[in-house]
Amino acid sequence: MLIIGLTGSIATGKSTVSSLLSSPPYCLPIIDADQLARRVVEPGTKGYNAIVSYFGPSTPDLLLPPHPNDPPNRPRPLNRPALGKRVFGDSEALKRDRMVLNKIVHPAVRWEIYKALMYYYVRGHWAVVLDVPLLFESGMDLICGTVIVVGVSDPSVQMARLRARDAHLSAEDAENRVKSQGDVKGKVEKAEFRGTADARGVIVWNDGDRRQLQGEVARAILKIQGSSPQWWAWCLLVAPPLGVSVMAWNLLVNFSTRRRWEKKVERERANL
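- As recorded in an unreviewed UniProt entry, the protein goes by Dephospho-CoA kinase-domain-containing protein and comes from Aspergillus granulosus.

Take a look at the structure:
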């Protein structure tokens, strides 16, 4: 089974691409890391308790107000905008808090992702889409045979889309959220470095309307299918030793690619 990593910065259209891939004619299963991240911090979970314990004393509005019909002792859901203000930004304090939040959420999300991948593998799917905003930053790109980056060439378009979608955000809040998910250009460069010829890295540009985006997605899937056809997925399913060998080889290739990328970045910094 081919694992297609799907990423992009906030408001680049990643969710729209995910919706297109889950619909006909592709009908690919989607593992949405954002949805899983919400699930693992629902009231009563270990993640919820850890967040309340760390952020609660210094964030009075961390929890949503109680609903009149709720039982008196029912845990209140997290106030996500209030939590976002505690972790999105460039200051050292915000970066530290964001690191704490990631250490709480990421391990739980990874476990849910691995369970979902196994589920779709045994059901014989040709491919599954792993939708992760911080795919490279979290290291999840290592398990992906292909990475799709949804990019926007003009940063002002990205900011306008974000503020239109989330009207409660100020210009500063919107800018902080964009910065927290990394530069789109950097993600594009990482995907291209993986290799565009063999479809290990594919760029879907979303500077136009939905019709143009549909054409970009169709082009991307056609290229990916050419490198990893469905019959190959069935071979890996019916021959588990072959599947394990291919998985190990993919991890080795991706790890080697990451090391070469890191050395490239180090050389560029040294030349500044």
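## With respect to unusual backbone geometry
Logical step 1: Cis geometry marks the peptide bond from Pro-24 to Pro-25, where omega comes out at 10°.
Logical step 2: Of note, Pro-25 is situated in the loop between α1 (14-22) and β2 (30-32).
Logical step 3: Residue Cys-27 is not a glycine yet carries a positive backbone phi of 50°.
Logical step 4: Within the chain, Ala-199 stands out as a residue other than glycine whose phi angle is a positive 65°.
Logical step 5: Mapped onto the elements of the fold, Ala-199 is located in the loop between α9 (184-194) and β5 (201-205).
Logical step 6: A relative accessible area of 0% places Ala-199 in the buried class.

## Some remarks on the side chain of Thr-257
Logical step 1: Mapped onto the elements of the fold, Thr-257 is located in helix α12 (residues 240-270).
Logical step 2: The class for Thr-257 is buried, based on a relative accessible area of 9%.
Logical step 3: With residues up to four places along the chain from it excluded, the contact list for Thr-257 reads Phe-193 and Arg-194.

The rules behind these values
Residues numbered from 1 in each chain as written. Predicted model: local features only at pLDDT ≥ 70, side-chain atom pairs only at ≥ 80, totals over all residues. Heavy atoms only, no water. Helix = DSSP H or I, 4+ residues; strand = E, 2+ residues; numbered from the N terminus. Buried < 20%, exposed > 50% of the residue type's maximum accessible area, 1.4 Å probe, protein only. Contact = heavy atoms within 4.5 Å.

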